[in-house]
Amino acid sequence: MKFSFSIFVALLLPMMAIQYLYPSSVGNFAELVFAAAGVTLFLYAVLAFLSRIHAGLAFLTVGLLILASLVIRLSYGFLQDFTGMGYTVEFFAHAEWKSVKIAFSEYYFALLPLMVLVALFFLFLSKLRSELNHKGFFPGALALFASLFLIFFGSNSSPEVLLASGYQEFAKRGKIAAQDARVVRADAANLLQPLRPQRPLPTEKNFVVAQAPADPYNIVVVYLESFNENLTENDMYPGLTPNMDAMKKKHLSFSNNLSSGYVTIEGIFNSQCGTLVNMAYDNSSLTKAEARIAKLPCMGDVLKKAGYKQVYLGGANLSFAGKGDFLLEHGYDQVLGLQHWRAQGFRDQNSIWGLPDTTLFDQAFKKITEMHKASAPFNVTLLTLGTHLPGYTYEGCPDYPLSDEPFIDAIHCTDFLLEKFLSQLDRNGVLEDTVVYIQADHGVFHSRDMFRLFQKQGVLDKRLFTTVVIPEKRKQTLDSWDAEAQMSSLDMVANALDLLEIEHNADFVLARSHINTPAKPRYVLTRYRDYDPEGQPIT
């Protein structure tokens, strides 16, 4: 009895702590008790059945299952703290060794004491082993039946169930992604008909035709990590983003650009390909030959057909969530990530994620000036890291005097580095014929820290910082733009190609341009919620 009760308490306590810290992440207390009791009875049943075969094997198996359950429950808490989400499809899309290293780096202060407590708990259980005498089949069968009953009623508060159901959804989407292309197109045509009335599906990328103007423009795309529109001009933190506030007034700024993704790879894919992606089966699913995504036309495919040279620079590992393979599959000639920078002698600074933004912007500037001297037009795309949780600052960034929060300092640092980067481009004549499209990859996570720093209204406001620097000669040929139109970050590809004056036949699934011929008010899809043509959210 003491053995089972000890397991029950050990499973319940982490969930009570999670409920206290993140109330919306689990159900009520009764569900927590049902879930913990159900798992405890399931372990009792395993012990009873295996004890009929070998007592040592039974104790070892149950011990490993207890350890696995504790790891699953504690990890669920760390996920809620870091991302505000649990065992979702996005979790499995990012499940790799790099993620484990990042988790340990961010939570080592909590993990080490917890490991000690878990070790002491197992030592305590070993002392109770002599009390075990569960060799009867009937008690085990009864416990198994009761466990399934309790787990069913406590499933919303059982991380084990949430982990299994999350993976099931992840695998299901992967199977859909691998369907025959003709089946996928037929299904997509029916699904998208209300959003694309009387319009055929987009041309596959191999059949894209594109042409740049006689005097083409270049483009630099800057993806800002986790950067909501309301992080600028924020009354809670006056003077936090003075440079970005000025950019919004000086350049084209889309003030109602809604986030189309939860995580980075979604934000990049959706904005490059003009649709919403399923976070499917594995990290390479975005580029599998049989996957529908690999055949969609994206910005890189169009620009490649138009004669552009294309380079991506990111500070993180390119294999993380499949960014590198995706970009190479869609027209990029060169992708530079953490492995490249380390081979060049650069080292990480203050961040487990990779190269510091100071070095990234410096290397991007060198690459841009090098490509600017060549005859071919270019697309240079970069992704910052500084405003990834918990927030990173770098040598040379000014201090923000009104807060000592790492994420707030990171915002102030990003503001400084972005302005420095644009000034360098301007002084070297790059902005005379180059569009700079600055957009966040996604908004801030629904984590406890973000709610504390920006309150509920600030976190749930899913508008992304989006500002476009346009060459003066291109401004003179623009008829109009709708800077306040309700749009989604997936519209970036259509806007960018119009600004570059690329003629093409790539009719993207959902993206619409707001340049020259602004899109009519329309139903807008995002990963968080949908919006009707009047801009009202649909729950």
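What comes next is a walk through the structure.

The rules we used
- Residues numbered from 1 in each chain as written.
- Predicted model: local features only at pLDDT ≥ 70, side-chain atom pairs only at ≥ 80, totals over all residues.
- Heavy atoms only, no water.
- Helix = DSSP H or I, 4+ residues; strand = E, 2+ residues; numbered from the N terminus.
- Buried < 20%, exposed > 50% of the residue type's maximum accessible area, 1.4 Å probe, protein only.
- Pairing = 2+ DSSP bridges.
- Contact = heavy atoms within 4.5 Å.
- Axes fitted to C-alpha atoms, helices over the stretch in contact; angles between N-to-C directions.
- Phe/Tyr/Trp six-rings, centres within 6.5 Å; stacked < 30°, edge-to-face > 60°.
- Disulfide = S-S within 2.5 Å.

Structurally, His514 is set in the loop between strand S11 (503-504) and strand S12 (530-531). For His514, a relative accessible area of 1% translates into the label buried.

Turning our attention to the sheet that holds strand S2 (residues 218-224). Adjacent strands of a sheet form backbone hydrogen bonds with each other and so pair up, either parallel or antiparallel. Read from one edge of the open sheet, seven strands run S3-S9-S8-S2-S7-S5-S6, paired in mixed fashion. This sheet does not close on itself; its edge strands, each paired only once, are strand S3 (252-253) and strand S6 (334-336). Those strands touched by helix H10 (residues 264-273) are S2, strand S7 (378-383) and strand S8 (434-440), and its axis lies near 150° from that of S2. Helix H15 (residues 406-427) rests against S2, S7, S8 and strand S9 (466-469) of the sheet, and its axis sits at about 170° to S2.

The subject of this paragraph is the packing of aromatic side chains. Counted by the stated rule, this structure contains 10 aromatic pairs. Arranged with centres 6.0 Å apart and planes meeting at 75°, the rings of Tyr237 and Phe454 form a pair that is edge-to-face. You can see Tyr237 sitting in the loop between S2 and helix H9 (242-250) and its partner Phe454 sitting in helix H16 (residues 448-460), a full 217 residues away along the chain. You can call Phe454 buried: its relative accessible area is 5%. By way of ring pairs, the aromatic residues Phe149, Phe152 and Phe153 are connected into one cluster.

It is worth spelling out the environment of Lys248 at this point. Following the sequence through the fold, Lys248 ends up in helix H9. Look at Lys248 and you get buried, because its relative accessible area is 13%. Once the C-alpha coordinates of Lys248 and Thr466 are considered, the two residues, 218 residues apart in sequence, prove to be 8.4 Å apart. With sequence-adjacent residues up to four places away left out, Lys248 is seen in contact with Glu229, Thr232, Glu233, Ser253, Phe465 and Thr467.

We now examine the state of the cysteines. For the structure shown, the criterion picks out two disulfides. Paired by a disulfide, Cys273 and Cys298 hold their sulfur atoms 1.8 Å apart. One quick way to see it: the torsion about the S-S bond of Cys273 and Cys298 is about 95°, and its sign makes the bridge right-handed. You can see Cys273 sitting in helix H10 and its partner Cys298 sitting in the loop between H10 and helix H11 (299-305), a full 25 residues away along the chain. Residue Cys273 is classed as buried on the basis of its relative accessible area, which comes to 2%. There is a disulfide in this structure between Cys397 and Cys413, and the S-S distance comes to 2.0 Å. In this structure, the disulfide formed by Cys397 and Cys413 twists by about 45° around the S-S bond and is classed as right-handed. Residue Cys397 is located in the loop between S7 and H15, and its partner Cys413 is located in helix H15; the two are separated by 16 residues in the primary sequence. The exposure class of Cys397 is buried, given its relative accessible area of 13%. The exposure class of Cys413 is buried, given its relative accessible area of 1%. With its disulfide-bonded cysteines labelled consecutively along the sequence, the chain is connected as 1-2, 3-4.

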